[in-house]
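# Descriptive structure summary
Spelled out, the chains give:
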Amino acid sequence: MKLIEEKLKNQVLNSMINIIDKNRDELLQANKKDLQAFKKDDQALYDRLVVDNSKVDGMIKAISEVKDQEDPVNREISSRELESGLKIINKTAPFGTIMIIYESRPDVTIEAAVLAFKANNKILLKGGKEAYNSNKILVKFWHDALQENGLEKDWITMLELNREETQTFLKNPDETIDLIVPRGGERLIQFVKENANCAVLVSGRGNNFLYVAEDADWKKTLEVIINAKTDKISGCNALDKVLVDKNIPNYATKLQELKEVLETSKVEIIVDSQVKQTLSSSKLIDDENTWYEEFLAMKIAIGEVENMDQAISRINKYSGGHSSAILTEDNSKAANFMENIDSAAVYHNASTRFTDGGQMGVGAELAISTDKLHHRGPLGLKQLVTNKYYVYGDGHIRA
């Protein structure tokens, strides 16, 4: 794949910023069609679908931030000269073609494409049918920006495929795909993993846990739980499960207060059998699979644990490997928890809502990876490259 000079890439991004800004009404009208056609009883999905002026401003900001970042391609990682005289240089290189499959979220059409393009990758966008009109107009904007600067439209392609056609495409694509990123729920991820014939980088699934240690500052605890649960229920970094140490002082009183605070925020509470003894009016969790579930709703599960070791064990068993938090005033206890929890992001006395490229200083992100290869956490510009070895000799042959 031909490398594009950084100056030309940035010219395309400048064009895209201007096109979006000048054509806001066209985008908002397209999104209005999607919203009017939305019939599902799924508030989180609906929230992700909405595009307003604030969301458009966010799209422009994402493009601008990526434009201002250093080109990640062809950067030297290491260089060495061997005793034989052979010189070996390792440099960053584009993946090639990246496919992202996502639900709702028209802003992903911007963030995914701008990151892939700046990292010199082609990108195939397979958005959900619920955002068809919004995605269609955004891809048209991309094509206008590319052609305005003398580049082919195929750097950014929108795939208009139904489920069966997507399955066929994944198994036998009509072009080489180097990486697929499914960004959505468990069923979408499983569908892609079962059908793809190339590398799949899993992202997007939350089911995040928070452990309240026996020495937790209760004021901080309530504030963190409410923020992590209610700030944005559609976010994959939203909180779903709370584990409370049974040795916390005034255990029953604090559980009652937590219940009252959550219910004031209109959060549905479900509890395990131990917590049920205190919160008798709350619904009992009667299916173990609930602990594996990502809610994406104003709903939270509260369970009791005997100690931190039990909390760690439960989190590593049930969580999605996305974000986990501990509330404690003991730094050594926090360090132990954070080192032993198997999640992409671990928190001490902070909301899981910070697992986000912008919040973590990475900038725009393609997704939050919960895989361990090739990267874990926010997939920003620097993570959308692979590497290549350049070996220089002078007639060298191996003996």
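Please refer to the structure higher up on the page.
Before going into details, it helps to say that this report is about the structure given with it. Within every chain, residues take consecutive numbers counted from 1 along the sequence as written. With the structure being a predicted model, the display of local features is reserved for residues of pLDDT at least 70 and the display and counting of side-chain atom pairs for 80 or more, all residues being used for whole-chain, interface and lining totals. In computing side-chain values, all of the structure's heavy atoms are included and hydrogens and water are not.

The next thing to look at is the overall build of the protein chain. Per the convention used, a helix needs a DSSP run of H or I reaching at least four residues, while a strand needs a run of E reaching at least two, with both numbered from the N terminus. Scanning the protein chain from N- to C-terminus turns up 13 helices and 16 strands. Scaling as 2.2 N^0.38, a compact globule of 399 residues should have a C-alpha radius of gyration of about 21 Å, and the protein chain matches this with 24 Å. Considering only C-alpha atoms, the protein chain reaches an extent of 75 × 65 × 40 Å along its principal axes. Three exposure classes are used, based on accessible area relative to the maximum for each residue type with a 1.4 Å probe and protein chains only: buried under 20%, partly exposed in between, and exposed over 50%. Here the protein chain holds 399 residues, and the buried ones make up 53% of them. The long-range fraction of contacts in the protein chain, counting pairs at least 24 apart against all pairs at least 6 apart in sequence, stands at 71%. All tallies of charge rest on Lys and Arg as positive and Asp and Glu as negative; His and the ends of each chain are not included. To locate a charge, take NZ of a lysine, CZ of an arginine, CG of an aspartate or CD of a glutamate. Across the protein chain, 52 positive and 62 negative side-chain charges occur, with their mean positions spaced 3 Å apart. For the radius of gyration, the atoms used are the C-alpha atoms, and the globule rule reads 2.2 Å times the number of residues raised to 0.38. Contacts were defined at the residue level, with two residues in contact if any of their heavy atoms lie within 4.5 Å.

Its place among the elements puts Asn207 in the loop between α8 (186-195) and β7 (208-212). Residue class for Asn207 comes out buried when judged on its relative accessible area of 0%. Among the polar contacts listed, one links the side chain of Asn207 to the side chain of Lys241, at a separation of 2.5 Å. When near neighbours in sequence (up to four residues on either side) are disregarded, Asn207 contacts Asp240, Lys241, Trp291, Tyr292, Glu293, Glu294, Tyr318, Ser319 and Gly320. Any pair of nitrogen or oxygen atoms within 3.5 Å is treated as a polar contact; in protein, a donor-acceptor pairing is required on top of that, and neighbouring residues in sequence qualify only through side-chain atoms on both sides.

The pairing of strands in a sheet happens through backbone hydrogen bonds and is either parallel or antiparallel. For two strands to pair, DSSP has to find at least two bridges joining them. Reading across from one edge, β10-β9-β11-β8-β7-β12-β13 is the order of the seven strands in this open sheet, with parallel pairing throughout. Whereas interior strands pair on both sides, the edge strands pair on one side only; in this sheet they are β10 (283-284) and β13 (345-348). Sheet topology places strand β9 (residues 268-271) next to strand β11 (residues 299-305); four bridges connect them, and they run parallel. By the bridge assignment for β11, Glu268 is matched with Lys299. Helix axes use the C-alpha atoms of the stretch in contact, all axes being lines fitted to C-alpha atoms, and the angles between their N-to-C directions lie in the range 0 to 180 degrees. Each of β8 (239-245), β9 and β11 touches helix α10 (residues 251-264); the most contacted strand, β11, lies at about 170° to it.

A rise of 1.5 Å per residue sets the reference length of helix α9 (residues 218-230), with its 13 residues, at 18 Å; its end C-alpha atoms lie 18 Å apart and thus fit the reference within 8%. If you check which residues of α9 are buried, you get Trp218, Thr221, Leu222, Val224, Ile225, Ile226, Ala228 and Lys229. Regarding α9, its N-cap is Asp217, as a side-chain oxygen of that residue lies 3.1 Å from the backbone nitrogen of Lys219 further along. Expected span of a helix: the number of residues minus one, times 1.5 Å.

Before going further, it helps to examine the sheet that holds strand β6 (residues 179-183). Spatial ordering of the open sheet is given by β5-β4-β3-β6, a layout of four strands whose pairing is parallel. Each end of this open sheet is capped by a strand with a single partner; those strands are β5 (156-158) and β6. Taken pair by pair, the neighbouring strands of this sheet meet at an average axis angle of 15°, ignoring direction. Of the strand pairs in this sheet, strand β3 (residues 97-102) and β6 are connected by five bridges, and their pairing is parallel. Residue Met99 lies in a different strand from β6, and its bridge partner there is Ile180. With respect to the sheet, helix α5 (residues 107-118) is in contact with β3, β4 (122-126), β5 and β6, its orientation differing from that of β4 by roughly 165°. Along the sheet, helix α7 (residues 163-171) contacts β3, β4 and β6; its crossing angle with β3, the most-contacted strand, is approximately 155°.

Where helix α2 (residues 24-37) contacts helix α6 (residues 132-148), the axes come no closer than 7 Å and their chain directions differ by 155°. Put simply, α2 runs roughly antiparallel to α6. Contacts between α2 and α6 involve Glu26, Leu27, Ala30, Asn31, Lys33 and Asp34 on the former and, on the latter, Tyr132, Asn133, Ser134, Ile137, Leu138 and Phe141. To sort the angles, those under 35 degrees are grouped as roughly parallel, those over 145 as roughly antiparallel, those from 65 to 115 as roughly perpendicular, and the leftovers as oblique.

Glancing now at the packing of α5 against α6. Here α5 crosses α6 at 30°, and the two axes come no closer than 10 Å. Accordingly, the angle class assigned to the pair α5 and α6 is roughly parallel. The hand of the α5/α6 crossing is right-handed. Along the contact surface, α5 presents Thr109, Ile110, Ala113, Val114 and Phe117, while α6 presents Asn135, Leu138, Val139, Trp142 and Leu146. Taken together, the residues of the contact of α5 with α6 break down into eight nonpolar, two polar and no charged. Each crossing is labelled by how the near helix is turned from the far one, with a counterclockwise turn of less than a right angle marking it left-handed and a clockwise turn marking it right-handed. Charged residues are taken to be Asp, Glu, Lys and Arg, nonpolar residues to be Ala, Val, Leu, Ile, Met, Phe, Trp, Tyr, Cys and Pro, and polar residues to be all remaining types, Gly included.

Right, let's get into the nonpolar core. What makes a nonpolar core is a set of buried Ala, Val, Leu, Ile, Met, Phe, Trp, Tyr and Cys residues whose side-chain atoms join them at distances within 4.5 Å. Within the largest apolar cluster, 54 residues are counted, with the highest numbers of intra-cluster contacts made by Ile100, Ile123 and Leu366. Broken down by element, this core gets its largest block of residues, eight residues, from α5. When neighbours within four sequence positions are excluded, Ile123 is seen to be in contact with Ile98, Ile100, Ala112, Ala113, Ala116, Trp155, Ile156, Thr157 and Leu366. Counting 28 residues, the second-largest nonpolar core is a separate cluster that includes Val212, Leu255, Ile269 and Ala325.

Attention shifts here to the pairing of β9. Relative to β10, β9 is paired through two bridges, and the arrangement is parallel. Bridging across to β10, Val271 finds its partner in Leu284.

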